[in-house]
Every structure is written in C-alpha cells, then in structure tokens.
Amino acid sequence: MTAKEIVQNFYKSDVLLDQNALEAFLHPEVVLDWNSTKGFLQMNRAEILALSAELGIAYVRSKIRISHILEEDNQVSVRYSHYVKTFENPREEMLLAHFMVIWEIKDDKLFRGFQMSQLS
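Residues numbered from 1 in each chain as written. Predicted model: local features only at pLDDT ≥ 70, side-chain atom pairs only at ≥ 80, totals over all residues. Heavy atoms only, no water.

Draft legend 1. View of the overall build of the protein chain. A tally of regular secondary structure across the protein chain gives 3 helices and 6 strands. Going from N to C terminus, the protein chain has its helices and strands arranged as α-α-β-β-α-β-β-β-β. Viewed in the frame of its principal axes, the protein chain has a C-alpha envelope of about 40 × 30 × 25 Å. Burial analysis of the protein chain (120 residues in total) assigns 36% to the buried set. For the protein chain, restricting intrachain contacts to residue pairs at least 6 apart in sequence, the fraction spanning at least 24 positions comes to 50%. Carbon and sulfur atoms make up 51% of the accessible area of the protein chain, which amounts to about 7100 Å² in all. Once the 13 positive and 17 negative side-chain charges of the protein chain are each reduced to a mean point, those two points are 7 Å apart. (Helix = DSSP H or I, 4+ residues; strand = E, 2+ residues; numbered from the N terminus. Buried < 20%, exposed > 50% of the residue type's maximum accessible area, 1.4 Å probe, protein only. Contact = heavy atoms within 4.5 Å. Areas by Shrake-Rupley, 256 points an atom, 1.4 Å probe, with all protein chains shown as cover. Lys, Arg positive; Asp, Glu negative; His and termini not counted. Charge placed at Lys NZ, Arg CZ, Asp CG, Glu CD.)

Draft legend 2. Geometry of helix α3 (residues 45-58). The terminal C-alpha atoms of α3 lie 20 Å apart, and with 14 residues this matches the ideal 20 Å at 1.5 Å per residue to within 8%. Taken together, the buried positions of α3 are occupied by I48, L49, S52 and L55. Viewed along the axis of α3, the buried residues span an arc of 115°, placing them on a single side of the element. Opposite its buried face, α3 presents the exposed residues A46, E54 and I57, each directed more than 90 degrees away. (Expected span 1.5 Å × (residues − 1). Arc of directions from axis to C-beta.)

Draft legend 3. Broad picture of helix α1 (residues 3-12). Buried within α1 are the following residues: A3, I6, V7, F10 and Y11. Projected onto a plane normal to the axis of α1, the buried residues spread over an arc of 125° and lie on a single side. Where α1 is buried, its residues meet α2 (19-25), β3 (59-72), β4 (75-86), β5 (93-106) and β6 (109-119).

Draft legend 4. How the structure looks around the nonpolar core. The biggest cluster of nonpolar side chains holds 27 residues, and the ones touching the most others in it are V7, F10, Y11, V78, W103 and L110. The set of elements that each furnish at least two residues to this core consists of α1, α2, β1 (26-36), α3, β3, β4 and β5. When near neighbours in sequence (up to four residues on either side) are disregarded, F10 contacts V15, L16, L22, F25 and L110. (Core = buried A, V, L, I, M, F, W, Y, C linked by side-chain atoms within 4.5 Å.)

In structure tokens form, the structure reads like this:
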C-alpha cells in the first residue's frame, strides 16, 4: 500500500471516533505537532488516543471531506474539512474545522504529523 493510500484509508474511515481502529493506523512512536486557533500542541500516541476517546463521547459520527491530497515519497499532504454529528442533534451535520496536515509514513503507519487547523 502506498503512503497516499494509507492516509486516504485513515481519513475515509470513521476512525477518529474509534480508539481501537485508530490504534491500527498509529506508529508506536507517532508524534503530531498541531498548530490550532487555540495554540500549539505536541501529541504522542497516548494523547492522540485520548483525544479520540473524547471525540467519541462528544460526537456520534465524524466525516472527513478531502479537497487536496499530494504524495511525495513517504510524505502525504492533506487538506480537508472535518464534519461531525452530535449526540444531541444526530440529524444535523456541522463543520467542526478546516485542516492542513503533512504525514510522514513509517512501517506503513502514521509516524510524524504536522497539522494546522482553523475552527469553522
């Protein structure tokens, strides 16, 4: 599987709300540098999985709409919008944020990420 296919499979699934499924995509030494509208975060595997657990409590469904995806060697750049449905209103899909991320793939897993986001 190519690096691009790994990243596409990650974002096409509902994996962000499912800790167990998310674990299969993450390298044991994964690090994500995230610049958001709320500041800078650097997250390791355990912190990414904890965020997934929080998202799973808050949202019933998650959907990623990719607008751009580029691959060079073992690096993949993705621009996407993240939509969610809440437990309180599961019929209404709302835009959570816009993202731009560069993933480095190692051993067919997400290894090093550089992400920027802006709330909707």
